[in-house]
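For reference, the chains in residue letters:
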Amino acid sequence: MTPVAAKTYGKMSFPVFQNRMEKKSSSATSLKMSDAAASEESSSGLGETLTTGGYFALWYLFNIGYNIYNKQSLNALAYPWTIAALQMATGLAYFVPLWLLGKRKAPKLSLGDLKTLLPIALCHTGVHVGAVIALGAGAVSFAHIVKASEPVVTCALNAILLGQILPFKVYLTLLPIIGGVGIASMKELSFTFLALGAAMLSNVSSAARGVLSKKTMSGKQIGENLDAQNLYAVLTALSTIILIPTAFAIEGTGMFTAFNKLVEAGTFTKGALLKLLGLGGASYYAYNEVAFLALGKVNPVTHAVGNTIKRVVIIIASVIAFKTPMSTGSIIGSSIAIAGTLLYSLAMNAAKKEKK
């Protein structure tokens, strides 16, 4: 090989070698970027799962806390209307500062918007008052068993007020709910008609709230910044305005007199009783607030399963906390009713998908 040829070969060989090195380097870089992206996606997916799990854990925790604090408050002070008003008003201490400090956009509503929301707020009031009275009049577990029958009322009101006829398979799922609640009621050791009636009032109010929301708000723009959390906050504010004078008209200032008597008797310290009432109100608003965050992260099927598990967890927690005995019949009935609510939710989700 001549010197010129050697030089030429040398000149040619270097770029080829460099190109191969660049390809290897580029391939390695792409691999690293791909690995990094996969790692980031995996990390993001894990983070999302942990966040959702955290929301569900808080939702259950606050709900259990509310039921326990609420029952303890009602055992000490049998004034459900006043306690319900105080619990509803506690929510204002949470969302009003968020609005004033700009941490959450405050809703802008006209007088016409408030008139539209008022009937829904009345139903919202009935949901809470009914539940509080039921929890005070009987066992926490029994109140939640009866509240499992809400889908039956919802189907009835949808048919009567909206003319909505659902697929036959959805109506079939109501049979175990009705049968289960019936068995549990007959076998309930702490059964009272007041607890049953109040829990059903809560069910009817909840179903009516849903129907009215569909009828008055579907496809209609209500004010500004009225997302799900702000809507709940506005309903809470309106319900507080409704509840305070209503509670005063029904129970007067009796709870405050009873409060002072308990403190004077040494049954509670003033601080302990105020703390109990405050925790009841705070946990009530907190579990509803976190519920929006939790349910916004999952699909309808997970939502249905989560709701079913929540009711089971609350019943078990209340039985343990208050040592409330449950008969075999009550356990069987509640199991059937709760399983029925899960089947109903799944059937409804399937019907919505078929409709689409």
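## Observations regarding the overall build of the chain
Counting secondary structure elements, the chain contains 14 helices and zero strands. Reading the chain from its N terminus to its C terminus gives the helix and strand order α-α-α-α-α-α-α-α-α-α-α-α-α-α. Looking at the chain as a whole, 40% of its 356 residues are labelled buried. Contacts in the chain between residues at least 24 apart in sequence constitute 88% of all its contacts with a sequence separation of at least 6. Taken as a whole, the chain presents about 18,900 Å² of accessible surface, with 68% of it coming from carbon and sulfur.

## Digging into the packing of helix 2 (residues 80-90) against helix 4 (residues 111-137)
Running from N to C, helix 2 and helix 4 cross one another at 125 degrees; their axes reach a closest spacing of 9 Å. Looking at the two axes, helix 2 sits oblique to helix 4. Helix 2 and helix 4 meet at a crossing whose hand is right-handed. Residues Pro80, Trp81, Ala84, Gln87 and Met88 of helix 2 form the contact with helix 4, whose participating residues are His124, His128, Val129, Val132 and Ile133. Each residue belonging to the contact of helix 2 with helix 4 can be placed in one class, and the counts come to seven nonpolar, three polar and no charged.

## A closer look at a nonpolar patch on the surface
Together, Ile183, Met186, Ile332 and Ile336 make up an exposed nonpolar region whose accessible area comes to about 370 Å². Those elements that provide at least two residues to the nonpolar patch are helix 8 (174-187) and helix 14 (328-355). With respect to the element layout, Met186 can be found in helix 8. Exposure remark for Met186: the relative accessible area of 68% places this residue in the exposed category.

## Considering the pattern of salt bridges
The tally for this structure, following the rule as stated, stands at two salt bridges. With its nearest N and O atoms 2.5 Å apart, the salt bridge here joins Arg104 to Glu289. In this pair, Arg104 sits in the loop between helix 3 (92-100) and helix 4 while Glu289 sits in helix 12 (residues 270-295), placing the two residues 185 residues apart along the sequence. Two residues, Glu354 and Lys169, come together in a salt bridge whose shortest N-O distance is 3.0 Å. Taken together, the residues Glu354 in helix 14 and Lys169 in helix 7 (residues 168-172) connect sequence positions 185 residues apart.

## Here we look at the nonpolar core
Nonpolar side chains in soluble globular proteins tend to end up buried together. Ranked by internal contacts, the top residues of the largest apolar core, which has 54 residues, are Trp59, Leu77 and Leu117. Of all the elements, helix 12 adds the most residues to this core, at nine residues. If sequence neighbours within four positions are ignored, Trp59 has contacts with Tyr287, Val290, Ala291, Ala294, Leu295, Gly306, Asn307 and Lys310. Core analysis: the second largest hydrophobic core is formed by nine residues, Cys155, Leu166, Val170 and Ile177 among them.

## A closer look at the side chain of Glu289
Given a relative accessible area of 5%, Glu289 falls into the buried group. Within the structure, Glu289 has its side chain in polar contact with the side chain of Gln229 (distance 2.9 Å). Discounting residues that sit within four places of it in the chain, Glu289 has contacts with Tyr94, Arg104 and Gln229.

## Notes on the packing of helix 2 against helix 10 (residues 228-251)
Closest axis-to-axis distance for the helix 2/helix 10 pair is 8 Å, and the angle between their directions is 155 degrees. Of the possible angle classes, the one that applies to helix 2 and helix 10 is roughly antiparallel. Of the two elements, helix 2 crosses helix 10, and the hand of that crossing is left-handed. Every residue of helix 10 that contacts helix 2 at Pro80, Trp81, Thr82, Ala84, Ala85, Met88 and Ala89 is listed here: Thr236, Ser239, Thr240, Leu243, Ile244, Thr246, Ala247, Ile250 and Glu251. Here the residues of the contact of helix 2 with helix 10 sort into ten nonpolar, five polar and one charged.

## Topic: unusual backbone geometry
Phi angles above zero are rare outside glycine, and Asn225 is one such case at about 60 degrees. For Asn225, the position within the fold is in the loop between helix 9 (193-217) and helix 10. Unlike most non-glycine residues, Lys323 shows phi in positive territory, near 50 degrees. Topologically, Lys323 is positioned in the loop between helix 13 (300-322) and helix 14.

## Topic: the confidence of the model for the chain
Here the chain averages 84 in pLDDT, and 86% of its residues register 70 or above. The least confident element of the chain is helix 1 (residues 3-76), whose mean pLDDT is 66; the most confident is helix 2, at 96. Note that pLDDT drops below 50 for residues 1-18; the model gives that stretch one contact with residues more than four away or on any other chain.

## A short note on helix 3
Burial in helix 3 covers these residues: Phe95, Leu98 and Trp99. For helix 3, the angular spread of buried residues about the axis comes to 100 degrees, placing them on one side. Structural note: helix 3 exposes Ala93 and Leu100 on the side pointing more than 90 degrees away from its buried face. Against the buried residues of helix 3 lie helix 10 and helix 12. Gly102 occupies a position one or two residues after helix 3 and carries a positive phi of about 75 degrees.

Definitions and limits used
Residues numbered from 1 in each chain as written. Predicted model: local features only at pLDDT ≥ 70, side-chain atom pairs only at ≥ 80, totals over all residues. Heavy atoms only, no water. Helix = DSSP H or I, 4+ residues; strand = E, 2+ residues; numbered from the N terminus. Buried < 20%, exposed > 50% of the residue type's maximum accessible area, 1.4 Å probe, protein only. Contact = heavy atoms within 4.5 Å. Areas by Shrake-Rupley, 256 points an atom, 1.4 Å probe, with all protein chains shown as cover. Axes fitted to C-alpha atoms, helices over the stretch in contact; angles between N-to-C directions. Parallel < 35°, antiparallel > 145°, perpendicular 65-115°, else oblique. Left-handed = near helix turned anticlockwise from the far one by under 90°. Nonpolar A, V, L, I, M, F, W, Y, C, P; charged D, E, K, R; others polar. Patch = residues over 30% accessible without salt bridge, like charges linked within 9 Å, V, L, I, M, F, W, Y side chains within 5 Å. Salt bridge = Lys/Arg side-chain N within 4 Å of Asp/Glu carboxyl O. Core = buried A, V, L, I, M, F, W, Y, C linked by side-chain atoms within 4.5 Å. Polar contact = N/O pair within 3.5 Å; in protein donor to acceptor, adjacent residues only side chain to side chain. pLDDT = per-residue confidence, 0-100. Arc of directions from axis to C-beta.

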